[in-house]
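Commentary on secondary and tertiary structure
Residue-level listing of the chains:
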Amino acid sequence: MATCADILRSEFPDLDGELFAYVTGILHGGGADFESVEELEEAVGELLREVSQDTKDDGAIREICQRLFNTLQLDEGQAQRCSQVLLDAPIQLSQITDGYGDTSADLLPGLLLKRGQTSMVNAKKLEKAEARLKAKQDKRLERDSLKSSGPLVLEEASASQASSKKETRMESSGKNKSYDVRIENFDVSFGERVLLTGADLNLAFGRRYGLVGRNGLGKTTLLKMIASQSLRIPSHISILHVEQEVAGDETPALQSVLECDTTRESLLQEERDLTAKINAGRGEGTEGARLSEIYAKLEEIEADKAPAREFSGGWRMRLALARALFARPDLLLLDEPTNMLDVRAILWLETYLQTWQSTILVVSHDRNFLNAVATDIIHLHSQRLDTYRGDFENFMKIKEERLKNQQREYEAQQQYREHIQVFIDRFRYNANRASQVQSKLKLLEKLPELKPVDKESEVIMKFPDGFEKFSPPILQLDEVDFYYEPSHYIFRSLSVSADLESRICVVGENGAGKSTMLKILMGELAPVRGIRHAHRNLKIGYFSQHHVDQLDLNISAVELLARKFPGKTEEEYRHQLGSYGISGELALRPVASLSGGQKSRVAFAQMTMPCPNFYILDEPTNHLDMETIEALAKALNKFRGGIILVSHDERFIRLVCQELWVCENATVTRIEGGFDQYRDILKEQFRKEGFL
């Protein structure tokens, strides 16, 4: 087995004697104190990088540190095994303790030495090592006590903005009657992380803006800063914010909608009249438009009598949207409104928002929704905001063209700079050309400094599939009945099956039983009648639409995996998280401080850790940015096992699924024409109901 010295000599043959002695001294002197590869790399990694003179990259240096760490751990284990010493004579401990009382503990190390053997330990070094070890133990105890004591205190978002005397005068005088929103030269931070710096946001009244960008860059934080008026908005502009996650309470649904409007008392009589007409079936399109369009689905199932907390995620989002649409604010902020909505509700929302008269700023990762709703796209990247006219597809084309032009300009300028620099270097010391050289130097100084294109890193996801194929039947339900209440059947005579080649998408309205069917397939719910058959080698990985509820938000992602799957090294946990984009300090931050998309990635890392051969995914695209959705689709297409998923994202369904199941009327129907046929069916229903 190679020693640390052997590893250093083989990897760094040019290492001089003094440096070699220094590094080996650190390794052997503090070997017992290195608890992880990171600590060892922190101690000697930078020095080894300098010695290598850039011949080894960070990955190679880390690999060497890993080998050194493993060697030190092995040496320590052998030293412990070899620490037993054969005594020359028996020792009567009872006699020693009788004679020396409490001081006997200090004598034992000396007694354990052989006759004539003296201690070679340097007392001062030993004292320093013990002090260092005690400090480390105290630090660990303090860290553990902080984790376990009291609620988690998260970092907070903050915003700052340059003041404008002109705007202040107009605001104080009451002359500003414009409903356009202009927020100039502002910064937004989350704790110590800067999300936006020197940004400008201009929203023209009556236009619909889609806010896009990678997960974790600050889209949700920006909406919160606007809604809380941490950024200056004219006081006469009313704002309403619909957040990603909608909590429920005891307020009845209709009451909840009405309470959101500050002018409720003046509208109360009008609301009673309109509701009475609608309930009596006498409502006409124009008379009941303000309420009927918003409450149509709620009234069909008498949802207006239920407390808000009893709604599913999809119905809570509908209720939050109903509150916002009824209030008709001047600036409507929507944060991923399509999350947990069914396809029918999304199509209705698209149609309704296209006729919206005031300003909308919406965060969404649904390309089709943005193409249908947005008149402009705002791209958040590199701590700034860039605005593009047109829908999402137009934004993608213009952005690509801008990046190509930027790269061409940068490369042309670099060539021009090199050409001038060659002239300067050639005639720098030529007295006859001195004036020309000075002129060229001044020219270089005046050239604007162009930057290369800042390309966003590619998102890569991979689902492990190192398992053997096995023959059907894999998973099936045969003539299954299921209900929560005997008076209301969720399913009757349900028969479905799937195998390792399946790519199935389940669609249907909120409350139709999609999630219930997934739980029956997994065996979490038992059929009232009928049979569930699963292959004995079947190993299911499940992603819940409420996956955040399954994560411990008070600990880091690394700790989360360590508790769920103990017995592995920290490196293995970090590698697993890194496969889903949770790397570096993100893996060590409390899960509660991560964005919605980053929490989803942690849930994916947790789900795939046991290497399932069949995935059941309930709304897996919720909160994910578009690049991650694309990467997820590619990963699922490469996966060799079976997939059943519930999704509302049309593009994602088209990328992944080969089979479409519609959940309605207490059964599941397969649609041969795929998503196009299902969309046509919904549009025809809307036409019959008068929504189109």
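A brief look at the structure comes next. Everything quoted here is computed from the prediction, not taken from an experiment.

Compared with an ideal rise of 1.5 Å per residue, which puts 13 residues at 18 Å, helix H2 (residues 17–29) spans 17 Å between its outermost C-alpha atoms and is within 8% of the ideal. All of the buried residues in H2 are Phe20, Val23, Thr24 and Leu27. Taken around the axis of H2, the buried residues stretch over an arc of 95°, which confines them to a single face. For H2, the exposed residues lying more than 90 degrees away from the buried face are Glu18, Tyr22 and Gly29.

Time to look at unusual backbone geometry. Trans is the prevailing form of peptide bonds, just as negative phi is the prevailing case for residues other than glycine. In this structure, the amide linkage connecting Pro472 to the following residue, Pro473, adopts the cis form with an omega of 0°. Located in the positive-phi region is Glu479, a residue other than glycine, with phi close to 50°. We classify Glu479 as partly exposed; its relative accessible area is 37%.

A few words now on the sheet that holds strand S6 (residues 331–335). Read from one edge to the other, the open sheet built from 6 strands follows the order S5-S6-S7-S4-S8-S9, with strand pairing classed as mixed. The two strands at the open ends of the sheet, each matched to only one other strand, are strand S5 (239–242) and strand S9 (384–389). Adjacent strand axes in the sheet meet at a mean angle of 20° when their direction is disregarded. For S5 and S6, the ladder comprises 4 bridges, and the chain directions are parallel. Note on S6: the bridge partner recorded for Ile239 is Leu331.

With that out of the way, let us pick up the packing of aromatic side chains. Going through the model one piece at a time under the given rule, you end up with 16 aromatic pairs. The interplanar angle of 70° and the centroid separation of 4.9 Å between the aromatic rings of Tyr483 and Tyr489 together place this pair among those described as edge-to-face. For Tyr483, a relative accessible area of 24% corresponds to the partly exposed category. Exposure remark for Tyr489: the relative accessible area of 26% places this residue in the partly exposed category. One aromatic cluster is present, formed by Phe463, Phe467, Phe543, Tyr580, Phe604, Tyr615 and Phe639 through successive ring pairs.

Here we take up the sheet that holds strand S10 (residues 475–485). A sheet is described by the order of its strands in space; here 3 strands give the open sequence S11-S10-S13, paired in antiparallel fashion. Where the open sheet ends on each side, the last strands, each with one partner, are strand S11 (488–498) and strand S13 (529–534). Each strand axis lies, on average, 30° off the axis of its neighbour in the sheet, ignoring direction.

With that settled, the discussion passes to the side chain of His365. Along the chain, the position of His365 falls in the loop between strand S7 (359–363) and helix H15 (367–373). On the basis of relative accessibility, which here comes to 8%, the residue His365 falls in the buried class. Ignoring any residue separated from it by four or fewer positions in sequence, one finds His365 in contact with Gly213, Asn215, Lys219, Glu336, His623, Leu624, Asp625, Met626, Ile629 and Asp649.

Regular strands place side chains that alternate from one sheet face to the opposite one. In this sheet, S13 lies alongside S10 in antiparallel orientation, the contact comprising 5 bridges. Residue pairing in the sheet places Asp478 in a bridge with Ile531 of S13. Bridge analysis of S10 against S11 gives 7 bridges, and the strand direction is antiparallel. Across the sheet, residue Leu475 finds its bridge partner in S11, namely Ala498. Between the end of S10 and the start of S11, which pair antiparallel, lie 2 residues.

A few words on the packing of helix H19 (residues 557–564) against helix H21 (residues 596–608). Orientation of H19 relative to H21, taken along the N-to-C sense of each, is 25°, at an axis distance of 11 Å. Between H19 and H21, the angle falls in the class roughly parallel. The two elements H19 and H21 cross, and the hand of that crossing is right-handed. Here Ala557, Leu560, Leu561 and Lys564 of H19 lie close against H21, whose contacting residues are Val602, Ala605 and Gln606. Of the residues in the contact of H19 with H21, the class split is 5 nonpolar, 1 polar and 1 charged.

Our next topic: the environment of Val373. Mapped onto the secondary structure, Val373 falls in helix H15. Between the alpha carbons of Val373 and Tyr352 there is a distance of 9.2 Å; along the sequence they are 21 residues apart. For Val373, the contacting residues outside a window of four places in its chain are Arg208, Glu350 and Leu353.

With that out of the way, let us pick up the packing of helix H1 (residues 4–11) against H2. Two elements in contact, H1 and H2, have axes whose closest approach is 10 Å; the angle formed by their N-to-C orientations is 145°. Of the two possible hands of crossing, H1 and H2 adopt the one that is right-handed. Residue-level inspection shows Cys4, Ala5, Leu8 and Arg9 of H1 in contact with H2, the latter providing Phe20, Val23, Thr24, Leu27 and His28. Class assignment of the residues belonging to the contact of H1 with H2 gives a composition of 6 nonpolar, 2 polar and 1 charged.

A separate point is helix H24 (residues 674–689). For H24, built from 16 residues, the straight-helix expectation of 22 Å at 1.5 Å per residue is met to within 8% by its first-to-last C-alpha distance of 23 Å. Those residues of H24 that fall on the buried side of the exposure criterion are Gly674, Phe675, Tyr678, Arg679, Leu682 and Phe686. For H24, the buried positions fall inside an angular range of 145° around the axis, keeping them on one side. Residues of H24 that are buried in the fold lie against helix H14 (343–353), strand S12 (503–507), helix H23 (650–656), strand S17 (659–664) and strand S18 (667–671).

Parameters and conventions
- Residues numbered from 1 in each chain as written.
- Predicted model: local features only at pLDDT ≥ 70, side-chain atom pairs only at ≥ 80, totals over all residues.
- Heavy atoms only, no water.
- Helix = DSSP H or I, 4+ residues; strand = E, 2+ residues; numbered from the N terminus.
- Expected span 1.5 Å × (residues − 1).
- Buried < 20%, exposed > 50% of the residue type's maximum accessible area, 1.4 Å probe, protein only.
- Arc of directions from axis to C-beta.
- Pairing = 2+ DSSP bridges.
- Axes fitted to C-alpha atoms, helices over the stretch in contact; angles between N-to-C directions.
- Phe/Tyr/Trp six-rings, centres within 6.5 Å; stacked < 30°, edge-to-face > 60°.
- Contact = heavy atoms within 4.5 Å.
- Parallel < 35°, antiparallel > 145°, perpendicular 65-115°, else oblique.
- Left-handed = near helix turned anticlockwise from the far one by under 90°.
- Nonpolar A, V, L, I, M, F, W, Y, C, P; charged D, E, K, R; others polar.

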